[in-house]
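# Breakdown of the fold
Residue strings, one per chain:
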Amino acid sequence: QESGQSADDIARKLADPGAPMISVPLQYNYLREVGPGGDAHNQQLKVQPVIPFVGENGKFILRPILPYQWNQFPDSKTGLGDLFVQGYYIPSRAGKASPTEIGFGGAVLFDTASHSGLGTGKYSLGPTFVLVHKTGKWTVGALANHVWSVAGDSDREDVSQTALQPFFNRQLSNGWSLGITSESTYNWKADSRDAWTVPIGGTVSKVVKIGAMPVSFSLGGFYNVDRPEFANRWTARASVTFVITE
């Protein structure tokens, strides 16, 4: 672990999507009450490394996300989902650090699903933005992106989807932190009653040291206050994040 980086330092950086720190989160989601009767469930394991590139005038953060899914609904299928990659550039302010950072970049959705029921069947791209403000023990901000389909299976529905993820993270002590977020999406191609997916929930996280590597363990739960018909009502989440320090 780098000199001077305590468990609290690592926890604060993990809460900041603009932090120049390499990490490899493995995020498991258990989606409950899926389908017409609410008696099905789906599962996801997302591998979502964070890879920063730091220069004199700013930093570029690359965030690929690849899901592996075990679905009961709408099809009983298991396999890879679509690979989503977003990258954003956060410019430096001339010679001084700022508690507020704003970044912009692009997002690409690749048709990598191993079955049609596990992905969109399209290649999509669009802009992405990030806003982070750090004050005291709080780290707050938002990630946002929109993607449109540009290629892929012509028999599949076109993609036009907006994602917005506001977050509020409170640092405690000894590597503990609490987070509240909403990973909301709006599908512009769906009927209005099925367009929004709005989960609201929270997580509790703890950074520990395993050998020389800091590792964060997190548990959380989310409830969809708005959702498409047959989408899950609840999500339980468990994450393990490996932090790479020099």
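Quick note: structure is the one above.
Predicted, not measured: the structure shown is a model, and the values here were computed from it.

Another point: the nonpolar core. By size, the foremost hydrophobic cluster in this structure holds eight residues: Val50, Ile61, Tyr88, Ile90, Val130, Val132, Leu143 and Phe167. Contributions of two or more residues to this core are made by β6 (83-91) and β8 (122-135). What Val132 contacts, discounting residues up to four positions off in sequence, is Asp16, Pro17, Gly18, Pro99, Thr100, Glu101, Thr139, Val140, Gly141 and Phe167.

Here we come to the side chain of Arg237. Tracing the backbone shows Arg237 in strand β15 (residues 234-244). Looking at Arg237, its side chain comes within polar contact range of the side chain of Asn29, at 2.8 Å. Within the structure, the side chain of Arg237 is placed 3.0 Å from the side chain of Glu183, a separation counted as a polar contact. With sequence-adjacent residues up to four places away left out, Arg237 is seen in contact with Gln27, Tyr28, Asn29, Glu183, Ser218, Leu219, Gly220 and Phe222.

For the rest of this paragraph, the subject is the pairing of β8. On a regular strand, each side chain points to the face opposite its neighbour's, so the side chains alternate between the two faces of the sheet. Strand direction decides the pairing type here: strand β7 (residues 100-110) and β8, joined by ten bridges, are antiparallel. Considered in β8, the bridge of Gly106 is made with Pro127. Looking at chain direction, β8 and strand β9 (residues 138-152) are connected through twelve bridges and run antiparallel. Paired with Leu125 across the two strands is Trp148, which belongs to β9. Here β8 folds back onto β9 in antiparallel fashion, the turn holding two residues, of which Gly136 has a positive phi close to 55°.

The next thing to look at is the pairing of strand β12 (residues 184-187). In β12, alternate side chains face the same way, and those of Ser184 and Tyr186 are buried while those of Thr185 and Asn187 on the opposite face are not. Pairing analysis gives four bridges linking strand β10 (residues 160-171) to β12, with the strands arranged antiparallel. Among the inter-strand pairings, Thr162 is bridged to a residue of β12, identified as Tyr186. Two strands pair when backbone bridges link them, and β12 and strand β13 (residues 196-210) are joined in this way by two bridges, in the antiparallel orientation. The residue of β13 that forms the bridge with Thr185 is Thr197.

Calculation notes
- Residues numbered from 1 in each chain as written.
- Predicted model: local features only at pLDDT ≥ 70, side-chain atom pairs only at ≥ 80, totals over all residues.
- Heavy atoms only, no water.
- Core = buried A, V, L, I, M, F, W, Y, C linked by side-chain atoms within 4.5 Å.
- Buried < 20%, exposed > 50% of the residue type's maximum accessible area, 1.4 Å probe, protein only.
- Helix = DSSP H or I, 4+ residues; strand = E, 2+ residues; numbered from the N terminus.
- Contact = heavy atoms within 4.5 Å.
- Polar contact = N/O pair within 3.5 Å; in protein donor to acceptor, adjacent residues only side chain to side chain.
- Pairing = 2+ DSSP bridges.

These results come straight from atomic positions and should not be treated as a statement about function.
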